[in-house]
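Descriptive structure summary
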Amino acid sequence: MSDRPFAALVLAAGQGTRMKSQLPKVLHEVAGRPMVCWPVQAAFDAGAEQVVVIVGHGAEAVEEALRADFGDRVKTALQAEQRGTGHAARCGMPALEGFDGDVVILYGDVPLIEPEAVRALTAARQDGPLSLLTCRAPDPTGYGRILRDGDAVVGIREHKDASEAERAIDEINPGLYAAEIGFLREALDGLSDDNAQGELYLTDVVAAAAAKGGARGVEWPLASLQGVNDRAQLAEVTAVMRRRIATRHAKNGVTIRDLSRVDIDHGVTLAPDVVLEPNVVLRGDTHVGEGARLDVGCVLTNVTVDAGAYLKPYSVATDSKVGEGAQVGPFSHLRPGSDLGPEAHVGNFVETKKTKLGRGAKANHLAYLGDGIVEDRVNVGAGTIFCNYDGFQKHVTHLEEGCFIGSDSQLVAPIRVGKGAYVATGTTVTKNVPADALAVGRTRQENKEGYASRLRARLEAKAKAAKAAKK
Ligand code: UD1
Ligand code: CA
């Protein structure tokens with residue numbers, strides 16, 4: 001019986017002093033998403049009708065992050081002064097005016113919460129005015145301890161207020177509650193700040209519930225309810241989240257060679273039969289199509305990779321697109337605005353920026369392609385440089401369909417090489433090349449027969465004379 005509608009309050013107004021950071025704690029990212037967004041998501045996924053986030057420290061930045069992720073779905077309430085978790089919850093209640101149901105309260109610094117935990121909580125609430133999750137913790141330091149009388153939960157003691165004997169209790173409060181709204185409103189009004197921190201503790205509503213017909217505790221694994229107070233805990237939680245995301249993709253048909261050695265942000269999508277080798281990092285808005293393969297150490301940020309493409313080891317790409325069946329790397333650098341067409345090849349030590357490569361175009365070795373339009377089937381030889389910058393402005397290099405750029409050429413932009421034209425190796429191209437022309441811009445080679453041995457003899461004699469003069 002968990003049919004009663006529920007709203008959620010997510011507490012996120014605290015500074016997070018223990019993070020030692022300029023950034024509000026709840027904006028530190030876990031798997032590419034501000035921490036606070038995770039419990040909000042869990043609340044929605046569990047079926048919350050409304051979610052209200054209590055903001056305070058860095059309120060504007062937190063509101064902006066929430067809007068970026070959830071648009072107008074999330075409401076916020078301001079806790080201007082941080083007087084404790086109980087006070088924060090109080091500040092959220094006016095936003096629920098007129099709502100009749102249960103209120104789930106979550107903390108914004110517990111990002112691993114899953115919807116099942118929220119549902120277990122709301123189900124248990126049907127038996128009394130309040131339910132809460134509890135965890136067994138091998139190291140309970142810092143957490144509030146669950147006080148029981150026999151089986152019944154009778155209260156929570158904060159670590160700082162706890163006696164020696166209470167500190168030995170290993171059942172802790174991970175900070176998730178569900179309460180009947182009328183009871184909650186009353187209990188919050190009754191809170192006092194008579195404690196070690198001089199704050200209004202939300203945890204005191206548990207004792208109030210116990211006095212009013214029972215607080216129902218449901219044990220839940222700590223692994224998914226760990227709180228983040230410092231950056232060591234942030235790293236631990238991130239590792240769990242990362243593993244969880246990798247596992248989800250693996251179950252959806254992605255081959256991941258080593259689940260604990262890939263780092264995939266939450267917004268990344270991967271089609272079936274994608275292969276990820278170890279140490280692949282996929283950030284932001286990255287999408288990889290069916291059967292594409294990302295080899296060891298590839299780092300992609302906001303990149304779309306189409307089906308069947310192959311990124312060889314240690315390729316780095318940002319704000320770019322890799323077309324169907326294209327090949328990249330090893331050791332390629334695709335900078336923002338790179339757009340590789342189907343079957344294009346970009347090889348080792350090639351850097352591209354704001355450059356579009358057509359179908360089957362190739363730049364396989366040691367090149368810089370900046371501000372370029374490279375049409376279908378163009379071949380850019382080893383060591384070619386697009387000289388795109390004159391110290392003031394960037395200019396475009398346009399290589400028309402099927403042209404061939406010999407190795408070690410420089411294309412001084414703005415420049416255009418016509419369809420099917422040929423640029424000889426080592427040419428500095430400063431004038432447009434017409435279609436089907438050959439551009440050669442280097443001194444003509446001359447061979448002097450037998451000259452090498454005469455030259456050697458002359459140099460040797462010179463060296464001997466110099467040595468003799470020194471003696
Ligand atoms: C809290 C619980 C503790 C529990 C632990 C679980 C209380 C009194 N204690 O302690 O029993 O074991 O979480 O992680 O609730 N916040 C506000 N306004 C405030 C103070 C805090 O919005 O005035 C927010 C914070 O931004 C944070 C959350 O509430 O997201 C928890 O606050 P924090 O100070 O980290 O509480 P803990 O000391 O961890
Ligand atoms: Ca905390």
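Residues numbered from 1 in each chain as written. Chains lettered and ligands numbered in written order. Predicted model: local features only at pLDDT ≥ 70, side-chain atom pairs only at ≥ 80, totals over all residues. Heavy atoms only, no water.

With respect to the coordination of the calcium ion (ligand 2)
- Around the calcium ion (ligand 2), the protein contributes the donor atoms Asp109 (OD) and Asn229 (OD1), at 2.4 to 2.5 Å from the metal centre. Of this pair, aspartate 109 sits in the loop between β6 (102-107) and α4 (115-125) while asparagine 229 sits in the loop between β12 (215-219) and α8 (231-251); the two residues are 120 residues apart in sequence, bridging distant segments of the chain.
- For aspartate 109, a relative accessible area of 13% gives the class buried. (Donors = N, O, S within 2.8 Å, 3.2 Å for Na, K, Ca; no water. Helix = DSSP H or I, 4+ residues; strand = E, 2+ residues; numbered from the N terminus. Buried < 20%, exposed > 50% of the residue type's maximum accessible area, 1.4 Å probe, protein only.)

Quick word on the site of ligand 1
- Taken together, the neighbourhood of ligand 1 is formed by 23 residues, with Gln79, Thr85, Tyr107, Glu158 and Asn173 sitting nearest.
- Asparagine 173 is positioned such that a nitrogen or oxygen atom in its backbone is 2.5 Å from an oxygen atom of ligand 1.
- Within the complex, 91% of the 760 Å² of free accessible area of ligand 1 lies under protein.
- Counting residues per element, the ones that place at least two in the shell around ligand 1 are β1 (6-12) and α3 (85-92).
- Of the residues assigned to the shell around ligand 1, the class counts are 8 nonpolar, 10 polar and 5 charged. (Near = heavy atom within 4 Å. Polar contact = N/O pair within 3.5 Å; in protein donor to acceptor, adjacent residues only side chain to side chain. Areas by Shrake-Rupley, 256 points an atom, 1.4 Å probe, with all protein chains shown as cover. Nonpolar A, V, L, I, M, F, W, Y, C, P; charged D, E, K, R; others polar.)

Concerning helix α7 (residues 204-211)
- Looking only at α7, the buried set comprises Val205, Val206 and Ala209. Viewed end-on, α7 has its buried residues packed into an arc of 105°, placing them on one side of the element.
- Glycine 213 sits one or two positions beyond α7 and adopts a positive phi of about 105°. (Arc of directions from axis to C-beta.)

Notes on a nonpolar patch on the surface
- Taken together, the side chains of Tyr314, Phe331, Phe349 and Leu366 present a nonpolar region at the surface, about 430 Å² in accessible area.
- One can find leucine 366 in strand β28 (residues 362-370). (Patch = residues over 30% accessible without salt bridge, like charges linked within 9 Å, V, L, I, M, F, W, Y side chains within 5 Å. Salt bridge = Lys/Arg side-chain N within 4 Å of Asp/Glu carboxyl O.)

Observations concerning the pattern of salt bridges
- Enumeration over the complete set of coordinates arrives at 22 salt bridges.
- The salt bridge partner of lysine 212 is glutamate 186, with a shortest N-O separation of 2.7 Å. Here glutamate 186 lies in helix α6 (residues 181-189) and lysine 212 lies in the loop between α7 and β12, a separation of 26 residues in the sequence.
- Through salt bridges with shared partners, one network takes in Arg4, Asp102 and Arg125.

A word on unusual backbone geometry
- With an omega dihedral of 0°, the bond running from glycine 329 to proline 330 counts as a cis peptide bond.
- One can find proline 330 in the loop between β23 (327-328) and β24 (333-334).
- Each neighbour pair has its own omega, and for alanine 413 with proline 414 the value is 0°, a cis peptide bond.
- A positive phi is found at asparagine 302, a non-glycine position, where the angle reads about 50°.
- Residue asparagine 302 is classed as partly exposed on the basis of its relative accessible area of 29%.
- Of note in the backbone geometry, leucine 366 takes a positive phi value of approximately 45° without being a glycine.

Here's the deal with the packing of aromatic side chains
- Counted according to the given criterion, the structure contains 5 aromatic pairs.
- Seen in terms of ring centroids, phenylalanine 404 and tyrosine 422 are 4.7 Å apart; in terms of plane orientation they differ by 20°. Their pairing is stacked. Here the residue phenylalanine 404 occupies a position in strand β33 (residues 404-405), and tyrosine 422 occupies one in strand β36 (residues 422-423), the gap between them amounting to 18 residues.
- Of the residues examined, phenylalanine 404 reaches a relative accessible area of 32% and is grouped as partly exposed.
- Taking the relative accessible area as the measure of exposure, tyrosine 422 reaches 43% and is therefore partly exposed.
- An aromatic cluster is present here, built from Tyr314, Phe331 and Phe349 joined pairwise through their rings.
- Taking the ring centre of tryptophan 38 as reference, the NZ or CZ of arginine 33 above it sits at 4.8 Å.
- Residue placement shows lysine 394 over the ring face of tyrosine 389; its charged tip is 5.1 Å from the ring centre. (Phe/Tyr/Trp six-rings, centres within 6.5 Å; stacked < 30°, edge-to-face > 60°. Lys NZ or Arg CZ within 6 Å of the ring centre and 35° of its normal.)

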